[in-house]
Amino acid sequence: MSKKIIDLLNRYGPMLSGKLARIFEKEYGVSNMAARQALSRARSPVNKIYTLSFEKNQKFFYLEHQFMSQKYVDRLLEAIQESSQVNWIYICAFQSQCGYVSKSILPALVSSPINNVKGHKLHQRVIEDLIKCHVIEDYNETHWKLSDWVSDTGQNLSRSTGIEVVKKQIIHDFASWARNINLVGYDSFKTIFESAEFANFQWAFTAPSYVQPLYDLDLQKNGFVIGDVFYGKTADTEDIQFFINKLAIIRKYKKLSNFLPVLLLESATAEALKVLKEQKVVVAFINNLFDQRYVELLAEIVNIFTNASAIVAKNPAQIEKLFLEISKSEGRYNDMIGDLFEIMVGYYYHYVGCRYLTIGKRIRIPDSDKTNELDLLVERDGKVIVVECKATRQPTNETFVEKWLNKNIPQIRKWLNETYPNIRNFEFQLWSLGGYTGKAAGMLQEAAKNTKKYKIEYFNKSQILDMVQQQNVQHLADLLRKYF
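Within every chain, residues take consecutive numbers counted from 1 along the sequence as written. For a predicted model such as this one, the threshold for reporting local features is a pLDDT of at least 70, and the threshold for listing and counting side-chain atom pairs is 80 or more; totals across whole chains, interfaces and linings nevertheless cover every residue. As a convention, hydrogens and water are excluded, and side-chain values are obtained from all of the structure's heavy atoms.

**A word on a positive patch on the surface**
The patches described consist of residues with a relative accessible area above 30% and no salt bridge, like charges being joined within 9 Å and nonpolar side chains (Val, Leu, Ile, Met, Phe, Trp, Tyr) within 5 Å. Using a 1.4 Å probe, the Shrake-Rupley method yields the accessible areas, and only the shown protein chains count as cover for residues. Just to be clear on terms, a salt bridge is a Lys or Arg side-chain nitrogen sitting within 4 Å of an Asp or Glu carboxyl oxygen. Neither His nor the chain ends is counted toward charge; the positive residues are Lys and Arg and the negative residues Asp and Glu. In plain terms, the charge of a residue is placed at NZ if it is Lys, CZ if Arg, CG if Asp and CD if Glu. On the surface, a cluster of positive charge is made up of Lys19, Arg22, Arg36 and Lys56. For helices the rule is a DSSP run of H or I covering at least 4 residues; for strands it is a run of E covering at least 2, with both sets numbered from the N terminus onward. Topologically, Arg36 is positioned in helix H3 (residues 32-41).

**Section: the packing of aromatic side chains**
The pairing test for Phe, Tyr and Trp rings, Trp by its six-membered ring, is centres within 6.5 Å, and the orientation test on the planes gives stacked under 30 degrees, edge-to-face over 60, and tilted for anything in between. Enumeration according to the criterion identifies 25 aromatic pairs in this entry. Taking 5.0 Å as the distance between ring centres and 80° as the angle between the ring planes, the aromatic pair formed by Tyr62 and Tyr72 counts as edge-to-face. One end of the pair, Tyr62, is in strand E3 (residues 60-63); the other, Tyr72, is in helix H4 (residues 70-83), and ten residues separate them in sequence. Given the relative accessible area of 9%, Tyr62 is considered buried. Residue Tyr72 is classed as buried on the basis of its relative accessible area, which comes to 2%. Between Phe428 and Tyr454, the ring centres sit 5.3 Å apart and the planes meet at 75°, which makes this aromatic pair edge-to-face. Here Tyr454 lies in the loop between helix H17 (438-450) and strand E16 (455-459) and Phe428 lies in strand E15 (residues 426-432), a separation of 26 residues in the sequence. Burial classes follow relative accessibility: with a 1.4 Å probe on protein chains only, a residue under 20% of its type's maximum area counts as buried, one over 50% as exposed, and anything between as partly exposed.

**Comments concerning the pattern of salt bridges**
All told, the structure shown has 19 salt bridges when counted by the stated rule. Between Asp187 and Arg179 there is a salt bridge, and its shortest N-O distance comes to 2.9 Å. In this structure, Lys233 and Asp236 form a salt bridge, with 3.9 Å as the shortest nitrogen-oxygen distance. A residue is classified by how much of its surface remains accessible, and Lys233, at 33% relative accessible area, is partly exposed. Residue classification places Asp236 among the partly exposed residues on the basis of a relative accessible area of 27%.

**Overview of the nonpolar core**
As used here, the term nonpolar core means buried Ala, Val, Leu, Ile, Met, Phe, Trp, Tyr and Cys residues forming a set that is joined through side-chain atoms within 4.5 Å. In terms of nonpolar packing, the biggest core is built from 129 residues, with Tyr349 and Trp431 touching the most fellow members. In what follows, residue pairs with any heavy atoms lying within 4.5 Å of each other are defined as contacts. Discounting residues that sit within four places of it in the chain, Tyr349 has contacts with Cys354, Leu357, Leu376, Val378, Arg380, Ile385, Val387, Gln429 and Trp431. Core analysis: the next-biggest nonpolar cluster, separate from the first, contains 24 residues, Val384, Tyr420, Phe426 and Ala447 among them.

**Re the packing of helix H2 (residues 17-28) against H3**
Here H2 crosses H3 at 120°, and the two axes come no closer than 8 Å. Comparing the axis directions of H2 and H3 gives the class oblique. Where H2 crosses over H3, the two elements pack in a sense that is right-handed. Side by side, H2 and H3 meet where Ser17, Gly18, Leu20, Ala21, Arg22, Phe24 and Glu25 of the first sit next to Asn32, Ala35, Arg36, Ala38 and Leu39 of the second. The residue inventory of the contact of H2 with H3, partitioned by class, reads six nonpolar, three polar and three charged. Geometry is summarised by axes, namely lines fitted to C-alpha atoms with helices restricted to the contacting stretch, and by angles between N-to-C directions that run from 0 to 180 degrees. Any angle that is under 35 degrees is reported as roughly parallel, and any over 145 degrees as roughly antiparallel; angles of 65 to 115 degrees are reported as roughly perpendicular and all others as oblique. Whether a crossing is left-handed or right-handed is set by the direction in which the near helix is turned from the far one by less than a right angle, anticlockwise for left-handed and clockwise for right-handed. Just so you know the grouping, Ala, Val, Leu, Ile, Met, Phe, Trp, Tyr, Cys and Pro go in nonpolar, Asp, Glu, Lys and Arg go in charged, and all remaining residues, Gly too, go in polar.

Such coordinate-based values are descriptive only and should not be taken to indicate function.
What follows is the structure, given as structure tokens:
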């Protein structure tokens, strides 16, 4: 029987077990049950993917030599799209953000629960299965990455970061709006980076509400406003499916608090709007909630993240305009400043002068399959400077410093030696606005003193501010004093 299955897979290519059983049944004149039994007994070189969940408990069949071939890739993606909506929604979430998603917000962009819901696979399990099947990768400590073979569009971490920054801002401003009109409890909301949970799912926004009809007068029980956000393109029916699926699941719960579902959108197709209307969803278009300048600013922010190096080098006035607008906003964009820190440091080096500058450069370590992301790469005064930026208010600890000194720097240095064969003057800098723990500072001091083949420098907020003021980079000085 295995020979017959091998013959079919060679002729027709990889496919789901349901289709393979039907072909087997037709070609060899057996019953469907006999065909399925033959598939269940198939052995090497016939392989099956067990980890991904497909409709009707189907398995994806392929031959060993077909693994990761173009036909394998095309057929697997086709099978996921047609028969594994839970996994396809994850792929869509990554594609909508240019291939990268923060680990902390991914559960809010998909329809898998973060806590147990009968009949539904946990988010963590889905992630593990997608990694096993090489659909996504563990990119770094903060981000997942869609594997290159899956993506049908260009992958861009910088643009993805810009989209996430804007999403965070939109949710923050919606929360402020809802609070100001008394729709939700004052300062009781949770947002996208704060594990906003409701009914065992993660959302971009959750908040208790004490207004009718959300508030149950008979039970004296508050209701909730829950919401998600989609930004970066015109949302179609596929883009909103994650939100619709979550609602469909929780609406089957018994004794669930009253809730109002809100989806924040930049724009949407007529078909998507029809679905949302049928599902009784409040559609909040960003340009209707806020003014036109706000909408334009969001687009500028994404553009600046996407093209940070070119804009800093060729159009720094655009950066200055953004800094000025943030400074005048009376705290509206406070949460955004940390995300802009790498661009701020890039602007500093452009201002003081450099031969070459790039922000967010992804490199591949020589003789390795490992990659690394350089926050900032600068050529200046005959040397190459690699800058690591930490914008958190918490002190950088010894765990991070130990990894930076003993793992990151050696890997990056291998790449520098190969990329710059005529330069041996390399400098590694750590800029930490939150300063350093005592142990971390001691490790850095010792490394800076004893390292001879390259230079190590590290700065805290006070030192950064001194450098900025000495060079008269006024926009940065104002932001650092005001927000940190």
